[in-house]
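Architecture and fold: a report
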Amino acid sequence: MLKTLLLFFLLTPAAFGITLKEAERLAELEHPLVKELEQTQESLKLQQKTVERQRWGTVELNGGYSTYNRNYMLVPLSHLPTPLNQPPFDSRKAFYGLSLRVPLYTGGSIPARVKVLKARELALKSLKRATKWQLKFNVDSVYLSVLALKAQEAALEDYRRSLLKLREDTEAGVKVGKFAKVDLLKVEYKLKEVEGELESVRARKEALIEALSALVGRKVKGVEEVKFTYRPERPSIEKLYREAVRRNSRIESLRREVSAARAERGVVEAKFGVKLSLEAKYLRNYGLDSGENEGYGEASVVVSFPVFTAGRKGLELLQNGREVLQKLYRLKAAERDLKREIADAVSELKKLQSQIEADRKKLTLAKEVERIEQLKYESGKGDMDHLLLAKSERFLTEAQLKSLYYRWLIAKRRIEAILEVNDER
């Protein structure tokens, strides 16, 4: 009993594979696109802190050395040559000290730049959320496509087993002279055809599993089933569009880009406005010849205002206006693309629902036709070609129907991703 339990726990991860929720979580956490946006967001936060700390000013350590090619030329002001103050004086001098500059008024430059950075950070936050939703849909699409191929594979495997049973019965009938040998060859031909289709489906499934591994950033051996209920829907494009414009993070990101561009106007106006700063310094001069070491300090309040800029302010404001319009046009284009995307998604959903309803009816009829052709052939009144055609119609319709259910769910998840809503997952 203990060995059985141990074997069960060892085989569980490989046997069941990854779940859809786990795949979505891994893609959101580990994908390089999300990591890149997170780093850019952190960079903007640091830029904001840097700008805010400019209010505190700057303290600099200054120092230097000067010399003159003639002696006695660099004379300390407190030791000018007089009969009581004889040479030598300094021809070499070193100086050192501190200087301070504090902006008292920047014309609103610091608040304006902070406002721009905050708007960009919010835009980036929305873009990151939009990227996560896109990644989630990409994972859903690939994951459910794998399940669709698994369903097709299962239906084709049932078809293959049905043909194997038919071949066995036909072989027995050929031996007793009930069936013609050519019927056995027809069954063999159809069997090889189905086996080839099975290999093709398996190869496509493996390729999609590799694509899923790339999305989640780890090796995926298999996927678990997803439970869902098929309920036909008739969504309104206009209603979905209005909700999407309000909720969609990509649209929200572009709106905030417009806000950031408008905030740039304040930066331009502050750049050419009045500025007030406090400047102070304390320096010491050391004469290398006289040995004198004197210190002096000064403090001043500086007011600056550009009175002539050759029209640069007007040009920069005009450029900013063009940038705002550019962002607005980009927003309008994105809203139109969003409506087109919703229309495509709704159209795909309705088309798949129509196909599902048609294939449901077709499958019911195909099963009945297969049953009748089977009875006719076994009674000697039927034809092998008709029986094989009936089986092909039945099993291929079943395979397509199973695949359609998953494709319907992908179309539904696409609409959910556009609206950024979760629906009973």
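Note that this is a predicted model, so its numbers are computed, not measured.

Attention now moves to the overall build of the chain. Regarding its fold elements, the chain presents nine helices and four strands. Listed N to C, the secondary structure of the chain is α-α-α-β-β-α-α-α-α-β-β-α-α in terms of helices and strands. Split into buried and exposed, the 425 residues of the chain put 37% on the buried side. A sequence separation of at least 24 residues applies to 83% of the contacts in the chain between residues at least 6 apart.

Quick look at the packing of helix α5 (residues 181–216) against helix α9 (residues 384–419) now. For the pair α5 and α9, the least separation of the axes is 10 Å and the interaxial angle reads 20°. It follows from the interaxial angle that α5 and α9 lie roughly parallel. For the element pair α5 and α9, the recorded crossing hand is right-handed. Where α5 abuts α9, its residues Asp183, Lys186, Val187 and Lys190 lie against Met384, Asp385 and Leu388. Residue classes in the contact of α5 with α9 are distributed as three nonpolar, no polar and four charged.

So, on to the sheet that holds strand β4 (residues 293–304). Read across the open sheet, the four strands follow the order β1-β2-β3-β4; overall the sheet is antiparallel. Whereas interior strands pair on both sides, the edge strands pair on one side only; in this sheet they are β1 (58–67) and β4. Here the strands of the sheet are splayed against their neighbours by 20° on average, with no regard to which way each runs. Both strand β2 (residues 92–105) and strand β3 (residues 275–287) contribute to a ladder of 12 bridges, which runs antiparallel. Each residue of the ladder has a partner; that of Lys93, found in β3, is Gly287.

We now examine the confidence of the model for the chain. Here the chain averages 85 in pLDDT, and 90% of its residues register 70 or above. Per-residue pLDDT stays below 50 along residues 1–16; that stretch engages in two contacts with residues further than four places along the chain or on separate chains.

Within this structure, the stated rule accounts for five aromatic pairs. When the centroid spacing of 5.1 Å and the interplanar angle of 10° are considered together, the rings of Tyr159 and Phe395 count as stacked. Residue Tyr159 is located in helix α4 (residues 109–175), and its partner Phe395 is located in helix α9; the two are separated by 236 residues in the primary sequence. In this structure, Tyr159 and Phe395 share a single accessibility class: buried. Between Tyr230 and Tyr405, the ring centres sit 5.5 Å apart and the planes meet at 65°, which makes this aromatic pair edge-to-face. Placement of Tyr230 in the loop between α5 and α6 (237–247) and of Tyr405 in helix α9 is noted, with a sequence separation of 175 residues between them. A residue is classified by how much of its surface remains accessible, and Tyr230, at 13% relative accessible area, is buried. For the cation-ring pair, Lys339 lies above Tyr241, with the distance from its terminal atom to the ring centre recorded as 5.3 Å. In this structure, Arg394 packs its charged tip against the face of Phe395, placed 4.3 Å from the ring centre.

Parameters at a glance
Residues numbered from 1 in each chain as written. Predicted model: local features only at pLDDT ≥ 70, side-chain atom pairs only at ≥ 80, totals over all residues. Heavy atoms only, no water. Helix = DSSP H or I, 4+ residues; strand = E, 2+ residues; numbered from the N terminus. Buried < 20%, exposed > 50% of the residue type's maximum accessible area, 1.4 Å probe, protein only. Contact = heavy atoms within 4.5 Å. Axes fitted to C-alpha atoms, helices over the stretch in contact; angles between N-to-C directions. Parallel < 35°, antiparallel > 145°, perpendicular 65-115°, else oblique. Left-handed = near helix turned anticlockwise from the far one by under 90°. Nonpolar A, V, L, I, M, F, W, Y, C, P; charged D, E, K, R; others polar. Pairing = 2+ DSSP bridges. pLDDT = per-residue confidence, 0-100. Phe/Tyr/Trp six-rings, centres within 6.5 Å; stacked < 30°, edge-to-face > 60°. Lys NZ or Arg CZ within 6 Å of the ring centre and 35° of its normal.

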